[in-house]
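Summary of the model geometry
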Amino acid sequence: MELNHSPDTSRYARLLAWAVRVGLVLLALAFLADIAGFGRDIALERMPDIWRAPAAAHGRGASRVMLVAIGWLATCSVACLVPLLPILRRRGETALAAICLLHVVVLSVAVWAGLH
Amino acid sequence: MAQLAASAPWWAWPLALFVACFLLGIIAVPAGVGGGVLFVPIVAGFFPFHLDYVRGAGQLVALSGALVAAPRLLSTGLASLRLGLPLGLVAAASSIAGALLGFAVDAARLEVALGIAILGIVAVMAAARESRGGPQRPPDALAAALGMHGVFVDGATGATQPWSAQRTPQAIALFVLIGLVAGLFGLGAGWANVPALNLLMGVPLKLAAGTSGLIIATSSSSAAWIYLHQGAVLPVVAAPSILGMMLGARIGVRVLHRARASMVRRLVIAMLLFAGARALAKGMGWWN
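So, a few notes on the structure that sits alongside this text. Predicted model only: the values in this text are computed from it and were never measured. (Residues numbered from 1 in each chain as written. Chains lettered and ligands numbered in written order. Predicted model: local features only at pLDDT ≥ 70, side-chain atom pairs only at ≥ 80, totals over all residues. Heavy atoms only, no water.)

Observations regarding the packing of helix α4 (residues 51-75) of chain B against helix α10 (residues 205-229) of chain B
Residue and element names in this part refer to chain B. At a closest axis distance of 7 Å, the pairing of α4 and α10 adopts a crossing angle of 145°. With respect to the hand of their crossing, α4 and α10 are arranged in left-handed fashion. Here Asp52, Arg55, Gly56, Gln59, Leu60, Ala62, Leu63, Ala66, Leu67, Ala70, Leu73 and Leu74 of α4 come into contact with α10, specifically with Gly210, Gly213, Leu214, Ile216, Ala217, Ser220, Ser221, Ala223, Ala224 and Tyr227. Classifying every residue of the contact of α4 with α10 by side-chain character gives 14 nonpolar, six polar and two charged. (Axes fitted to C-alpha atoms, helices over the stretch in contact; angles between N-to-C directions. Helix = DSSP H or I, 4+ residues; strand = E, 2+ residues; numbered from the N terminus. Left-handed = near helix turned anticlockwise from the far one by under 90°. Contact = heavy atoms within 4.5 Å. Nonpolar A, V, L, I, M, F, W, Y, C, P; charged D, E, K, R; others polar.)

Concerning the interface of chain A and chain B
Contacts between the two partners involve 64 residues from chain A, matched on the other side by 60 residues from chain B. Summed over both partners, the interface of chain A with chain B comes to about 5000 Å²; 73% of that surface belongs to carbon and sulfur atoms. Between chain A and chain B we count two salt bridges in total. The partner of Arg82(B) in a salt bridge is Asp8(A), and the shortest N-O contact between them spans 3.2 Å. Counting across the chain A and chain B interface gives 11 residue pairs in polar contact (both at pLDDT 80 or more). Contributions of two or more residues to the side of chain A that touches chain B are made by α1 (7-35), α2 (47-52), α3 (64-79), α4 (84-90) and α5 (94-115) of chain A. Ranked by residue count, the leading element in the side of chain A that touches chain B is α5(A), at 14 residues. In terms of residue class, the side of chain A that touches chain B is made up of 43 nonpolar, 13 polar and eight charged. (Buried area = accessible area lost by both parts, 1.4 Å probe. Salt bridge = Lys/Arg side-chain N within 4 Å of Asp/Glu carboxyl O. Polar contact = N/O pair within 3.5 Å; in protein donor to acceptor, adjacent residues only side chain to side chain.)

Here's the deal with the pairing of strand β1 (residues 149-153) of chain B
Residue and element names in this part refer to chain B. Note: β1 against strand β2 (residues 160-164), five bridges, orientation antiparallel. When the sheet's bridge partners are listed, Val151 is paired in β2 with Pro162. Between the end of β1 and the start of β2, which pair antiparallel, lie six residues, with Gly158 showing a positive phi angle near 80°. (Pairing = 2+ DSSP bridges.)

Points about the pattern of salt bridges
All names here are of chain A. Evaluation of the coordinates by the stated rule reveals six salt bridges over all chains. When the shortest N-O distance is used, the salt bridge between Asp8 and Arg91 registers 2.9 Å. Of this pair, Asp8 sits in helix α1 while Arg91 sits in the loop between α4 and α5; the two residues are 83 residues apart in sequence, bridging distant segments of the chain. Residue classification places Asp8 among the buried positions, given a relative accessible area of 0%. (Buried < 20%, exposed > 50% of the residue type's maximum accessible area, 1.4 Å probe, protein only.)

So, in structure tokens, the structure goes:
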């Protein structure tokens, strides 16, 4: 146990726990929707042709619902840092606040770089 | 293997993947490694999926496992936000470069590089020993500025251990490399984070292991977006992998109490040695 446990750590842990729960439920629902054929353009029987070829050969492999679920999971650890910013500012922890902001910038770059 | 892949019905492979990941999840926990480092070389070596999808699923396996564990690690004080966020930031930035590089390199060359990386990881795992730390030293200037110090209480023994990060600039440079390799192969990075935090920075081993989960939760997110947009996330590959690994990890926690950790660790090293050699041989065209 870390003795100098701070309120920002507890808040981040609580937020992240909820965000991850929502993300995992979304992922399970998205997978069921994908198997049922909702939002998927490729028949399941054709999957062996898809998974043997490079990703670039077929473009997006995941359905739109799956993109939402995985996008949520790939964003939540950084998005949950944003509500910490006012707390860190009030406590004068500018270095940590700057690092949280930089996390948001790096994730935005990843989203942008993936699209281009 | 190619004949088997061609004759089996489509659903047999996701089902086999689920079973394999369930078994990997059982041994990953007591061996003290994240799922990604076992998942990528083994699935790339023995399943018919293209390496792009294996790397994409590996990234998500590592991310999901870390995300599920991070809140509990933080709330029980087994992970430090002030230690994990700066290191996670540099690893996240370099993992973007790693993931993009992986899509620019030919699959056979990437397979060779994966084999070499896995054999390197085996060497790190075999050589790593716990640093119990010497006399308490003040944090270096950068660690002091970032608040990378504290007091850790071992829940098992009740022992109190003040800690402060050492050699932070060198650690940041190392985490750039760790993020690059993790993003390139979709490995996650517990295998490297824990020795870097414990041996280089002098962080207590349990706090290093917990903070490693937080670092993966933040750094894998960026690379996951690259894999997602490059079309390397295939639900029939990713979902059975994540579900199998998570269910297996729940059994693994029970195994942790009964099995000898050193024996499980030796088993993992042997499996990685075989999987690394297989990836190398496949990439070189010696064993397809």
